[in-house]
Amino acid sequence: MIHRSRAPAGRGHVLRARGRPPHHPAAGTFPGHRTSGRSTGGFPRLTPGAATSRLIAWPARGDTRAVPTLRDWLREGPFTLGLSSGFFGFFAHAGVVTVLEEEGLRPARIVGSSAGALVGGLWGAGLPAARLREELLALRREHFWDPFPGLGLLRGRMFRLRLDAMLPVRTFEECPTPIALSAFDVLGWRTAVLSEGPLAPAIHASCAAPFLFQPVRIGARLYSDGGVRDRHGLAGAGTGARVLYHHLTSRSPWRRASSPALRVPQRSGLRAVALDGMPRLGPFRLGRAAEAMERAAEGMRRALSGPA
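Residues numbered from 1 in each chain as written. Predicted model: local features only at pLDDT ≥ 70, side-chain atom pairs only at ≥ 80, totals over all residues. Heavy atoms only, no water.

**Student:** Please provide a residue-by-residue account of the nonpolar core, values included.
**Tutor:** Ranked by internal contacts, the top residues of the largest apolar core, which has 71 residues, are Leu70 and Phe91. Setting aside anything within four residues of it in sequence, one finds Leu70 in contact with Leu55, Leu244, Arg271, Val273, Met300, Ala303, Leu304, Gly306, Pro307 and Ala308. Counting twelve residues, the second largest nonpolar core, distinct from the first, contains Trp58, Ala180, Ala237 and Tyr245. (Core = buried A, V, L, I, M, F, W, Y, C linked by side-chain atoms within 4.5 Å. Buried < 20%, exposed > 50% of the residue type's maximum accessible area, 1.4 Å probe, protein only. Contact = heavy atoms within 4.5 Å.)

Quick look at the structure:
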């Protein structure tokens, strides 16, 4: 069911698409879901439980045209895909890009930070969404867990090796879709946008969550998680770009609940999809990864069919 509501002051127009009430799970299904016997995009078709998708629109100045749906808006012209940071929210991002690929809605540019840099970097480098899902769903803690003394618990060498194995190209310049990733310059205490040169170190740097991963050296600089100063991951989006932005609503352990970074940004020409009620995942909580991916895919499908 689609509910249109007016956003709080200063928050744009909001579309809410609510799922059906939760069902008791059958054997082999996820809590809060039931199967319908069909398959979409490689996922078992599931009926979402408590997850809610919100579409927040900031039309460009002077743009008063009526566009029937978000799908129609995206097909009107080139758009930039923005993917936010959000700890282990990359499973949800993978669900979103799966739906975009199904619909033939390929962005002209991809920007992101942290979890968004991982999915955006891999997809923009040419890794098909189906393969991306397979790789992420096969992820286990032992695949990246390499504690080592330093400015973070994990050294990151295992993560980098896995990243190198997944990437179909080696540099930004080889990517079929242009990519710009946000990383935090530790020495300069600022956000840096990485968009040229070796791709794997840039993705690694943007994903180097504080305290969990050690900072990543690229040239003479040390970089950490791009979400430190650019949680939205939009620093690399060009001025005036039409932006489809997937906003992860989950809060990283180190971020205050009242942080402005948790709000959807105000930006002319931006359409933001925010998914509430998603499973909270982490290195010790990967069991609901497939559920998160499917809930995100279902939420994105509803958002595409909703008014823009």
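**Student:** Tell me about the packing of helix H2 (residues 90-103) against helix H4 (residues 129-137), and please be specific about residues and values.
**Tutor:** The interhelical angle for the contact between H2 and H4, taken along N-to-C directions, is 160°, at an axis separation of 9 Å. Judged by the inter-axis angle, H2 sits roughly antiparallel to H4. For H2 against H4, the interelement crossing comes out left-handed. On the side of H2, the interface is formed by Phe90, Phe91, Ala94, Val97, Thr98 and Glu101, while H4 contributes Ala129, Leu132, Arg133, Leu136 and Leu137. Taken together, the residues of the contact of H2 with H4 break down into eight nonpolar, one polar and two charged. (Axes fitted to C-alpha atoms, helices over the stretch in contact; angles between N-to-C directions. Helix = DSSP H or I, 4+ residues; strand = E, 2+ residues; numbered from the N terminus. Parallel < 35°, antiparallel > 145°, perpendicular 65-115°, else oblique. Left-handed = near helix turned anticlockwise from the far one by under 90°. Nonpolar A, V, L, I, M, F, W, Y, C, P; charged D, E, K, R; others polar.)

**Student:** Kindly report on the packing of aromatic side chains, identifying the contributing residues and their values.
**Tutor:** Counted by the stated rule, this structure contains eight aromatic pairs. Residues Phe90 and Phe91 carry aromatic rings whose centres are separated by 4.7 Å and whose planes lie at 40° to one another, so their mutual orientation is tilted. Residue Phe90 is classed as buried on the basis of its relative accessible area of 7%. For the pair Phe159 and Phe213, a centre-to-centre distance of 5.6 Å together with 45° between the ring planes defines the contact as tilted. In this pair, Phe159 sits in helix H5 (residues 157-166) while Phe213 sits in the loop between helix H6 (199-206) and strand S10 (216-218), placing the two residues 54 residues apart along the sequence. (Phe/Tyr/Trp six-rings, centres within 6.5 Å; stacked < 30°, edge-to-face > 60°.)

**Student:** So what about unusual backbone geometry? Which residues, and what values?
**Tutor:** Of note in the backbone geometry, Phe87 takes a positive phi value of approximately 55° without being a glycine. In this fold, Phe87 is placed in the loop between strand S6 (80-83) and H2. Despite not being glycine, Phe211 shows a phi value in the positive range, around 75°. Note on placement: Phe211 falls in the loop between H6 and S10. Here Phe211 falls in the exposed class, since its relative accessible area comes to 68%.

**Student:** I'd like to hear about the packing of helix H3 (residues 115-124) against H4, residue by residue, with values.
**Tutor:** Look at H3 against H4: their axes get within 10 Å of each other, and the N-to-C directions meet at 140°. Taken together, the axes of H3 and H4 lie oblique to each other. The handedness of the crossing between H3 and H4 comes out as right-handed. In this structure, H3 uses Leu118, Val119, Leu122 and Trp123 to contact H4, whose residues at the interface are Ala129, Leu132 and Leu136. In terms of residue class, the contact of H3 with H4 is made up of seven nonpolar, no polar and no charged.

**Student:** Can you tell me about the pairing of strand S7 (residues 109-113), naming the residues and giving the values?
**Tutor:** By the criterion of burial, S7 is predominantly enclosed, with four of the five residues buried. Relative to S7, S6 runs parallel, the two sharing four bridges. Bridge pairing in S7 places Gly82 opposite Val111. Where the polypeptide runs from S6 across H2 and back to S7, its parallel neighbour, the crossover connection is right-handed. Note that S7 and strand S8 (residues 179-185) share four bridges and pair parallel. What sits directly across from Gly112, in S8, is Leu181. (Pairing = 2+ DSSP bridges. Right-handed = clockwise from strand over helix to strand, strands pointing away.)

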